[in-house]
Amino acid sequence: MRILLLGCEGLLGTTMRATAAADPRVTSMVALGHGEIDITDREQVRRAVREVRPDACVNTAALMPADLCDQEAERAYAVNTLGPRWVSQSCAEVGAVPVYISTDFVFDGQGTRAYRPDDLPRPVQTYGITKLAGEHETRLGSDRHLIARTACLFGPPPVSPTARASFVDRVAAAAAAGNDLKIVDNVVMSPTFTGDLATTVLDLLHHGADSGVYHVVNQGSTSWYRLCVAVLERLGIDAQVTPVEEQFTTTAPRPHHTPLAGELPEFARRIRRPWEAALDEYLGVRRAG
Ligand SMILES: NC(=O)c1ccc[n+]([C@@H]2O[C@H](COP(=O)([O-])OP(=O)(O)OC[C@H]3O[C@@H](n4cnc5c(N)ncnc54)[C@H](OP(=O)(O)O)[C@@H]3O)[C@@H](O)[C@H]2O)c1
């Protein structure tokens, strides 16, 4: 497989690059960061795809987090919606599969069960609206496509100094620095290890999975507060953590309950492990037995 990776210096892009580089199924990879390509520029995207002629273009570039997207809605639309249009159309021209990474924020979070890929998306803030539109653009631009919705990523820090480390690393650093933490306990989602997501994307491509939307998350769900406690327990950090209700001082409303579910093909085994086991691996926890 020849891979063109976009956004290679972000949180997911950093791990996607390392995972693909170590995977024998990937015969070659060109990985581009924001400094090398602007995905909102149609000609730049077209040129890159034509030059590389990949089997798949994995687009991990995005504008985040949600409050920044509300503040800079036009930029969010350009990066999260138009960029994916150029990627998908360019892929169609050379017979490559565009891979778009989407989010649980396409849902309003009002439900009580886990969302499945065919459930009605109803985003409640600019980030989710522009990501859902990016899904549509991906589908419209190329008959062959993969849309992988994921959530609450944790994994090795991004190469880019402007991209944020994950929640897991941020709470670990804050607690280790002696700060008391107040963490939301009434927002529930599916934490997911970037390594498992990256491997699953390559699995789906390698096996020629059907075009469509996949929910690519580790098994299970939890709140931000319980995730924070799980991190500090594993690292042996003794810190004061207080659960709070919806603390957001930001403008963008967040969905409250967005666990994701949905069958993945049998071959996608790694992502099926519980998020706790993936967190153990990421934090280097050894468990007896
Ligand atoms: N992180 C999560 O918890 C989470 C949850 C659900 C879904 N997702 C999705 O997963 C994907 C990866 O997220 P992430 O956490 O890895 O994001 P990230 O760390 O913010 O990385 C995004 C990368 O995109 C780059 N970028 C921004 N605008 C660009 C442009 N116009 N052209 C080219 N590159 C551009 C950024 O570069 P600069 O830093 O230089 O701007 C950054 O390196 C995204 O599609 C996101 O929506 C993430």
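Before reading further, recall that the structure is shown in the block above.
Residues numbered from 1 in each chain as written. Predicted model: local features only at pLDDT ≥ 70, side-chain atom pairs only at ≥ 80, totals over all residues. Heavy atoms only, no water.

Asker: Outline the sheet that holds strand β1 (residues 2-6), supporting the account with residue identities and numerical values.
Answerer: Ordered in space as β2-β1-β3-β4-β5-β10, the six strands form an open sheet in which the pairing is parallel. Looking at which strands have only one partner, the edges of the open sheet turn out to be β2 (28-32) and β10 (212-215). The sheet shows a mean angle of 20° between the axes of neighbouring strands, taken without regard to direction. The pairing of β1 with β2 spans five bridges and is classified as parallel. Across the sheet, residue L5 finds its bridge partner in β2, namely A31. Docked against the sheet, helix α2 (residues 42-52) engages β1 and β2, running at close to 160° with respect to β1. (Pairing = 2+ DSSP bridges. Helix = DSSP H or I, 4+ residues; strand = E, 2+ residues; numbered from the N terminus. Axes fitted to C-alpha atoms, helices over the stretch in contact; angles between N-to-C directions. Contact = heavy atoms within 4.5 Å.)

Asker: So, the packing of helix α4 (residues 73-94) against helix α5 (residues 126-141): which residues are in play, and what are the values?
Answerer: Interaxial distance between α4 and α5 falls to 8 Å at its minimum, and their mutual angle equals 15°. Taken together, the axes of α4 and α5 lie roughly parallel to each other. The handedness of the crossing between α4 and α5 comes out as right-handed. Of the residues in α5, those in contact with A73, A76, Y77, N80, T81, P84, R85, S88, Q89 and A92 of α4 are T126, Y127, T130, K131, A133, G134, E137, T138 and G141. Among the residues making up the contact of α4 with α5, the classes are represented as seven nonpolar, nine polar and three charged. (Parallel < 35°, antiparallel > 145°, perpendicular 65-115°, else oblique. Left-handed = near helix turned anticlockwise from the far one by under 90°. Nonpolar A, V, L, I, M, F, W, Y, C, P; charged D, E, K, R; others polar.)

Asker: Now, about the site of the ligand: what can you tell me, with residues and values included?
Answerer: Around the ligand, the structure places 26 residues, and the nearest of them are L11, L12, Y127, K131 and T162. Take H34: an N or O atom from its side chain is 3.1 Å from an oxygen atom of the ligand. Between the ligand and the protein, one listed contact pairs an oxygen atom with a side-chain N or O atom of Y127 at 2.6 Å. Look at the ligand: alone it shows 910 Å² of surface, and the protein chains cover 88% of it. For the shell around the ligand, the secondary-structure elements that each account for two or more residues are α1 (11-21), β4 (97-103) and α5. For the shell around the ligand, the element with the most residues is β4, which contributes three residues. Classifying every residue of the shell around the ligand by side-chain character gives 14 nonpolar, nine polar and three charged. (Near = heavy atom within 4 Å. Polar contact = N/O pair within 3.5 Å; in protein donor to acceptor, adjacent residues only side chain to side chain. Areas by Shrake-Rupley, 256 points an atom, 1.4 Å probe, with all protein chains shown as cover.)

Asker: Describe the pattern of salt bridges, and please don't skip the residues or the numbers.
Answerer: If you walk through the whole model with that rule in mind, you get 18 salt bridges. Residue E137 is joined to R85 by a salt bridge in which the shortest nitrogen-to-oxygen separation is 2.9 Å. On the criterion of sequence distance, the pair formed by E137 in helix α5 and R85 in helix α4 is long-range, its members being 52 residues apart. Residue E137 is classed as buried on the basis of its relative accessible area, which comes to 14%. Across the pair R116 and E263 runs a salt bridge whose closest N-O atoms are separated by 2.9 Å. Note that R116 is positioned in the loop between β4 and α5 and E263 in the loop between β12 (241-244) and α9 (275-283), a separation of 147 residues in sequence. For R116, a relative accessible area of 34% puts it in the partly exposed group. (Salt bridge = Lys/Arg side-chain N within 4 Å of Asp/Glu carboxyl O. Buried < 20%, exposed > 50% of the residue type's maximum accessible area, 1.4 Å probe, protein only.)

Asker: A description of the packing of helix α8 (residues 224-235) against α9 should follow, citing residues and the corresponding values.
Answerer: Following both chains from N to C, one finds α8 and α9 inclined at 40°, their axes separated by 11 Å at the closest point. Regarding the angle of α8 to α9, the classification is oblique. Crossing geometry of α8 relative to α9 is assigned as right-handed. Within the contact between the two elements, α8 uses L227, A230, V231, R234 and L235 and α9 uses W275, E276, L279, D280 and L283.

Asker: Hey, could you go over α9 for me, with residue numbers and the actual values?
Answerer: Residues of α9 that are buried include every one of W275, A278, L279, D280, Y282 and L283, and no others. Its buried side turned inward, α9 meets β6 (153-154), α6 (167-176), β9 (192-193), α7 (194-206), β11 (222-223) and α8. The positive-phi residue at the C-terminal boundary of α9 is G284, with phi of around 70°.

Asker: Run through the side chain of T150, naming residues and quoting values.
Answerer: Here T150 is to be found in strand β5 (residues 146-150). Given a relative accessible area of 4%, T150 falls into the buried group. A polar contact is formed between the side chain of T150 and the backbone oxygen of V216, at a distance of 2.9 Å. Excluding its chain neighbours within four sequence positions, the residues that come into contact with T150 are I101, S102, T103, D104, T192, L197, V216, V217 and L260.

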